[in-house]
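# Observations on the three-dimensional arrangement
So you can see what is in the structure, the chains are spelled out below.
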Amino acid sequence: MGSDTQVDEIADGIYRLSTFTDQVAGGFTFNQFLVRGDEPLLFHTGPRLMFPLVAAALATLIPPERLRWVSFGHWEADESGALNLWLEAAPGAEVAVGTLGTLISGTDQADRPPRPPLADGGVLDLGGKRMRWIDTPHVPHGWDAGLWFEETTSTLLCGDLLTHVGAVPALTEDDVVGPASAAEDMFGATCLTAGTAPTIRRLAALAPATLGVMHGSSFRGDGAAALGALADDYERRFQASLPR
Ligand SMILES: [Fe+2]
Ligand SMILES: [Fe+2]
């Protein structure tokens, strides 16, 4: 996998740690996000094999042992694979995810017990940053799926939503929905159900100013419009999948 991890601040106190690889789709990024509050939170652990790169990048921002919360949108190698390496590196860190992710996988997979599950809409106050957990079952995939909205910067950490390929800039104000639709054609990564578009519209209603994207550029601009257009794209896909 990649050879070095780039660090960029995408919103006040929110940092994107990005590792590029040419081994996936001709070029692809794996991004983690550090939310720097009194109790720093890492969103996505990165895969186990990428841990040395990501840990070195995080160490340019905070001593890794100060990490307080380790979180991710669902259980999967790139989201949660390096979890126990982080728990080992940061003795005070605990897993912070939603109800299903905690009860189904967290209590078994994490080397230390997770904190009590975040309910839908539940707030985790980091001190200087305020994270609201949103359940998004099966969006983009995984029964346990959920995302974070950071309220002080109006940043939605949107995980695999808006995934796009390429060696792209850390942050863009250009269209990300077109590239995301092309990537969906390529990967078919999203669970397509009657609930997909409505769940994304619920996220659009938060009107985020910044979208932290796990694979690709993060986006700054009209987050409601971007997520609305993404929901329309999934609505079209869902309707096209129905028998006539
Ligand atoms: Fe995923
Ligand atoms: Fe991912």
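Heads up: the structure comes first, above all this text.
Summarised in this report is the structure supplied together with it. (Residues numbered from 1 in each chain as written. Chains lettered and ligands numbered in written order. Predicted model: local features only at pLDDT ≥ 70, side-chain atom pairs only at ≥ 80, totals over all residues. Heavy atoms only, no water.)

Take the nonpolar core next. Grouped together as the largest cluster of nonpolar side chains are 65 residues, with contacts concentrated most on L41, W86, L124, W148, L162, L211 and L227. The contacts of L41, once residues within four sequence positions are left out, are F33, L34, V35, L67, W69, S71, L124, L126, M131 and W148. (Core = buried A, V, L, I, M, F, W, Y, C linked by side-chain atoms within 4.5 Å. Buried < 20%, exposed > 50% of the residue type's maximum accessible area, 1.4 Å probe, protein only. Contact = heavy atoms within 4.5 Å.)

Both trends apply: most residues other than glycine have a negative phi, and most peptide bonds are in trans. The omega torsion of the bond from V139 to P140 falls at 0°, within 30 degrees of zero and hence cis. Tracing the backbone shows P140 in the loop between strand 8 (130-135) and strand 9 (146-150). Phi is positive for A25, which is not a glycine, with a value near 50°. Checked against the element boundaries, A25 lands in the loop between strand 2 (14-21) and strand 3 (28-35). Of note, the phi angle at L162 is positive, near 70°, even though the residue is not glycine. Residue L162 is classed as buried on the basis of its relative accessible area, which comes to 2%. (Helix = DSSP H or I, 4+ residues; strand = E, 2+ residues; numbered from the N terminus.)

Before going further, it helps to spend a moment on the side chain of E150. If you trace the backbone, E150 turns up in strand 9. Comment: no salt bridge for buried E150; closest opposite-charge side chain is K129, at 5.0 Å. One polar contact links E150 to T153, side chain to side chain, over a distance of 2.6 Å. Residues contacting E150, with those up to four places away along its chain left out, are I14, V35, K129, R130, M131 and T155. (Lys, Arg positive; Asp, Glu negative; His and termini not counted. Salt bridge = Lys/Arg side-chain N within 4 Å of Asp/Glu carboxyl O. Polar contact = N/O pair within 3.5 Å; in protein donor to acceptor, adjacent residues only side chain to side chain.)

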